[in-house]
Amino acid sequence: MKSLNFAPKMRTLRQRMTEHMVSVSDESSEDEAQIKWEEQQIKKAVKLSQETCDASLHKSQPAKPKFDTSVSLPPVNLEIVKKQLTERITLLQDVHRAHQREYEKYMQDIESSKMTIQELEKSSDAALHYKFYRAMKTYVENLINCLNEKLKYINDLELTVHVLLQQRAMRILKRRQDELKTESAYIQHLTSENSKPTNARLEGDEKTQLLEMCEHRRTCRRQVRERSGEADHHEGMSSDDELTLTEMTKFQNSKDNVLEDSRKIFEDVHADFCDIRKILLKFQEWKEKFPESYCDAYISFCLPKLLNPLIRVQLINWNPLENFTELEEMPWFRAIEEFSDAKNVSEPKDDDPDQEVLPRVIEKTILPKITAFVKNVWDPLSTSQTKNLVQLCNNIFEKQVLSKNECSRAKEDLINVVVLRMKKSVEEDVFIPLYPESSVEDKSSLCSKFQERRFWSAVKLLSNVLLWDEIVQEDTLRDLGLSKLLNRYLLLYLLNTPLGLDNIEKCDKMVACLPERWFQDLKGGSTLPELLNFCQHMLQCARMLHKNNHSNETKEVLLLLVRIKALHIVEGFIEEYKLEHLKSIIRK
């Protein structure tokens, strides 16, 4: 069985190429035939691609429409064209308005976005504000807790120092009153009819020792004055407040112990909670960053109470009656003054409430402390204490303006206590005995010396009382100094002593105590009503001196009358004795 070949077998490409090339040229080699075949194939491919491109371009070009002349067109005129243009313009305007509304919407979105950004930025500032306020709240709470904890110790130490000073003052006052009573009784015993002065002795060794100690202190003071060359001094004008060495040592040791304890009060506290300057810097930072909330919180009203314990600690060793120190020199005063006058605030105002901090501190802390000293420690018979106190009060009332918005109750309390203390001193410390003329003729006698000392002690008190002029009301001061002290005690003594040259010096010292301001506005040639009796006494002195041919001394007395504006009395005296050459001393 044989298979039949119905068709010739498929020839390979190479075979077909070979057969074709052989038919063309039998002499060409196989390689040349292959090259020629490839060139032909390439030409065919290029031709085919060009034909495909031309076909695609032919299809893409639309066929030109052919105008159909059988179709009729609508008529065209100017009205139709105008209508179409109007419709077109209206359409464009509608589109423009739509675009305009869209533009406005976009602008609103932009503004809203800006506001949102600002709100977000503010929300970040609010977080910082909240952080500051929270820190400030924590600081103030800790500060208040610290001060409340220390307040008990401050009160105890302040009370201890005050009690020490009060006990010392009471001891001196009691000793002076006891010595006065003892010496008065002793002299009265000597001058009694049934006693013999030469052999009289005061019963009781204790009272005798008391007088000896008093005389010893008086002698020591006299020797000190002689060494210093002080001549214008009279027995009885000394305060007689010397303490024994044992008393001074005990007092100083107790005071040193209290001061040592006061230095330990804040030794366990950070400076931010006990240094006044640093505390005020905290509040100053608040004021600079958030002035509105600072004012709304009334910080200027709270600071005086907040600083009160810290200032009192610094004032534990402060005694306004001794070693006078200006308030301006104290650290707490300078710190508060710098805070009140701070210039780094953006816009300082004249009505800045912080300017009231210092006046309120003085009213709430300083004046009550001074009032306590006046009530329990001050001795009106002490000239040094009185001058220091008057200088301090003048400094506060004149240089430091007290609160503008309040009536200073603390100032009124202080002045009232001053007046009460002086009244008490006039009633209890002034004693001028009146002895028979025979007992005081001898100036070296005990009666005469004791009487002289008591007179000059009263003159010193008069001088101290009148130092309060322009602080205490004039009516009150004239009643206390002139009506009660001068007329009731001093003038009574002068009227019961012989007129002589000694009276000139005494009258001169009394007139020197009177404030010149009282006589500046007097008119009509009359002096103060309270001084009429005193003027009559000086007139009697002038008559006696003129009668005894003491012309210079007479002129001195007349000059004293002129100083207190008793011009009518002087004029009458000059006319009475025809002393025309003395008219020049009258200054109307």
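Residues numbered from 1 in each chain as written. Predicted model: local features only at pLDDT ≥ 70, side-chain atom pairs only at ≥ 80, totals over all residues. Heavy atoms only, no water.

Okay, the overall build of the protein next. The helix and strand inventory of the protein stands at 19 helices and 0 strands. Counting over 588 residues, the protein shows a buried share of 38%. Considering only contacts in the protein between residues 6 or more positions apart, those separated by 24 or more positions represent 74%. Of the roughly 37,700 Å² of accessible surface on the protein, a fraction of 53% belongs to carbon and sulfur atoms. (Helix = DSSP H or I, 4+ residues; strand = E, 2+ residues; numbered from the N terminus. Buried < 20%, exposed > 50% of the residue type's maximum accessible area, 1.4 Å probe, protein only. Contact = heavy atoms within 4.5 Å. Areas by Shrake-Rupley, 256 points an atom, 1.4 Å probe, with all protein chains shown as cover.)

Once that is clear, we can look at helix α15 (residues 474-495). For α15, which comprises 22 residues, the first-to-last C-alpha distance of 27 Å sits more than 12% below the rise-based estimate of 32 Å (1.5 Å per residue). Approximately 50° is the largest bend angle found in α15, and it occurs at Leu 486. All of the buried residues along α15 are Leu 477, Arg 478, Leu 480, Gly 481, Leu 482, Leu 485, Leu 486, Leu 490, Leu 491, Tyr 493 and Leu 494. Against the buried residues of α15 lie α12 (409-429), α14 (446-466), α16 (501-513) and α17 (532-547). (Expected span 1.5 Å × (residues − 1). Bend = angle between axes of the 7 residues up to and from the residue.)

Attention now goes to the packing of helix α8 (residues 299-314) against helix α9 (residues 331-340). Orientation of α8 relative to α9, taken along the N-to-C sense of each, is 155°, at an axis distance of 10 Å. The angle between α8 and α9 places the two elements in the roughly antiparallel class. Residues Leu 303, Leu 307, Ile 311 and Gln 314 of α8 lie in contact with α9, whose contacting residues are Pro 331, Trp 332, Ile 336 and Phe 339. Across the contact of α8 with α9, the residue classes break down as 7 nonpolar, 1 polar and no charged. (Axes fitted to C-alpha atoms, helices over the stretch in contact; angles between N-to-C directions. Parallel < 35°, antiparallel > 145°, perpendicular 65-115°, else oblique. Nonpolar A, V, L, I, M, F, W, Y, C, P; charged D, E, K, R; others polar.)

Over its 16 residues, α8 runs 23 Å from end to end, which matches the ideal 22 Å to within 8%, given 1.5 Å per residue. By the criterion of burial, α8 is predominantly enclosed, with 12 of the 16 residues buried. All of the buried residues in α8 are Ile 299, Ser 300, Leu 303, Pro 304, Leu 306, Leu 307, Asn 308, Pro 309, Leu 310, Ile 311, Arg 312 and Val 313.

Residue placement: Glu 158 occurs in helix α3 (residues 78-191). For Glu 158, the contacting residues outside a window of four places in its chain are Arg 312 and Lys 369.

Another aspect to go through is the state of the cysteines. Note: disulfide means a covalent bond formed between the sulfur atoms of two cysteine side chains. Using the criterion set out here, one finds 0 disulfides in the structure. Free of any disulfide, Cys 541 has its nearest neighbouring cysteine sulfur in Cys 507, separated by 5.1 Å. Of the residues examined, Cys 541 reaches a relative accessible area of 2% and is grouped as buried. (Disulfide = S-S within 2.5 Å.)

Counting across every chain of the model gives 27 salt bridges. Put simply, Asp 469 and Arg 517 hold a salt bridge, and the shortest N to O gap is 2.6 Å. With Asp 469 in the loop between α14 and α15 and Arg 517 in the loop between α16 and α17, this pair connects stretches of sequence that are 48 residues apart. Among the salt bridges present, the one from Arg 517 reaches Glu 470, with a minimum N-O distance of 3.7 Å. Here the residue Arg 517 occupies a position in the loop between α16 and α17, and Glu 470 occupies one in the loop between α14 and α15, the gap between them amounting to 47 residues. Overall, the relative accessible area of 31% leaves Arg 517 in the partly exposed class. Ionic contacts of the salt-bridge type, sharing partners, join the residues Asp 469, Glu 470, Glu 474, Arg 478, Arg 517 and Glu 530 into one network. (Salt bridge = Lys/Arg side-chain N within 4 Å of Asp/Glu carboxyl O.)

On to the packing of aromatic side chains. Across all of its chains, the model carries 13 aromatic pairs by this definition. Seen in terms of ring centroids, Trp 286 and Tyr 294 are 5.9 Å apart; in terms of plane orientation they differ by 85°. Their pairing is edge-to-face. With respect to burial, Trp 286 and Tyr 294 carry one shared label: buried. One aromatic cluster is present, formed by Phe 132, Tyr 133, Trp 286, Phe 290 and Tyr 294 through successive ring pairs. Just above the ring of Phe 251 sits the side chain of Arg 168; from NZ or CZ to the centre is 4.5 Å. For the cation-ring pair, Lys 282 lies above Tyr 139, with the distance from its terminal atom to the ring centre recorded as 5.2 Å. (Phe/Tyr/Trp six-rings, centres within 6.5 Å; stacked < 30°, edge-to-face > 60°. Lys NZ or Arg CZ within 6 Å of the ring centre and 35° of its normal.)

Quick look at unusual backbone geometry now. Positioned with a positive phi, Asn 549 is a non-glycine residue whose angle comes to about 60°. Tracing the backbone shows Asn 549 in the loop between α17 and α18 (551-563). A relative accessible area of 68% places Asn 549 in the exposed class. Although it is not a glycine, Lys 578 sits at a positive phi angle of roughly 55°. With respect to the secondary-structure elements, Lys 578 resides in the segment after α19 (567-576). The exposure class assigned to Lys 578 is exposed, which follows from its relative accessible area of 65%.

This brings us to the side chain of Arg 421. Residue position: Arg 421 is located in helix α12. One buried charged side chain, Arg 421, makes no salt bridge at all; its nearest oppositely charged neighbour is Asp 379, positioned 4.7 Å away. (Lys, Arg positive; Asp, Glu negative; His and termini not counted.)

With that settled, the discussion passes to the nonpolar core. Residues Trp 332, Ile 366, Ile 370, Trp 468, Leu 531 and Phe 534 are the most contacted members of the largest nonpolar core, which totals 125 residues. Tallying contributions element by element places α3 first for this core, with 12 residues. Contacts of Phe 534, omitting those with residues within four sequence positions, involve Leu 486, Leu 491, Leu 494, Cys 507, Met 510 and Val 511. Counting residues in hydrophobic clusters, the runner-up holds 6 residues, among them Leu 180, Ile 187, Cys 447 and Phe 450. (Core = buried A, V, L, I, M, F, W, Y, C linked by side-chain atoms within 4.5 Å.)

Side chains of Val 76, Val 81 and Leu 85 sit close together on the surface and give an oily, nonpolar patch of about 290 Å² of accessible area. Relative to the assigned elements, Leu 85 resides in helix α3. With a relative accessible area of 53%, Leu 85 lands in the exposed category. (Patch = residues over 30% accessible without salt bridge, like charges linked within 9 Å, V, L, I, M, F, W, Y side chains within 5 Å.)

Further remarks concern the packing of α16 against α17. The N-to-C vectors of α16 and α17 enclose an angle of 150°; their axes lie 11 Å apart at closest approach. Where α16 crosses over α17, the two elements pack in a sense that is left-handed. Mapping the contact onto sequence places Leu 501, Asn 503, Ile 504, Cys 507, Met 510 and Val 511 in α16 and Phe 534, His 537, Met 538, Cys 541 and Leu 545 in α17. Taken together, the residues of the contact of α16 with α17 break down into 9 nonpolar, 2 polar and no charged. (Left-handed = near helix turned anticlockwise from the far one by under 90°.)

On to the environment of Glu 530. For Glu 530, the position within the fold is in the loop between α16 and α17. Along the primary structure Glu 530 and Ser 483 are separated by 47 residues, whereas in three dimensions their C-alpha atoms are 6.1 Å apart. Apart from the residues lying within four places of it in its own chain, the contact partners of Glu 530 are Arg 478, Leu 482, Ser 483 and Asn 487.

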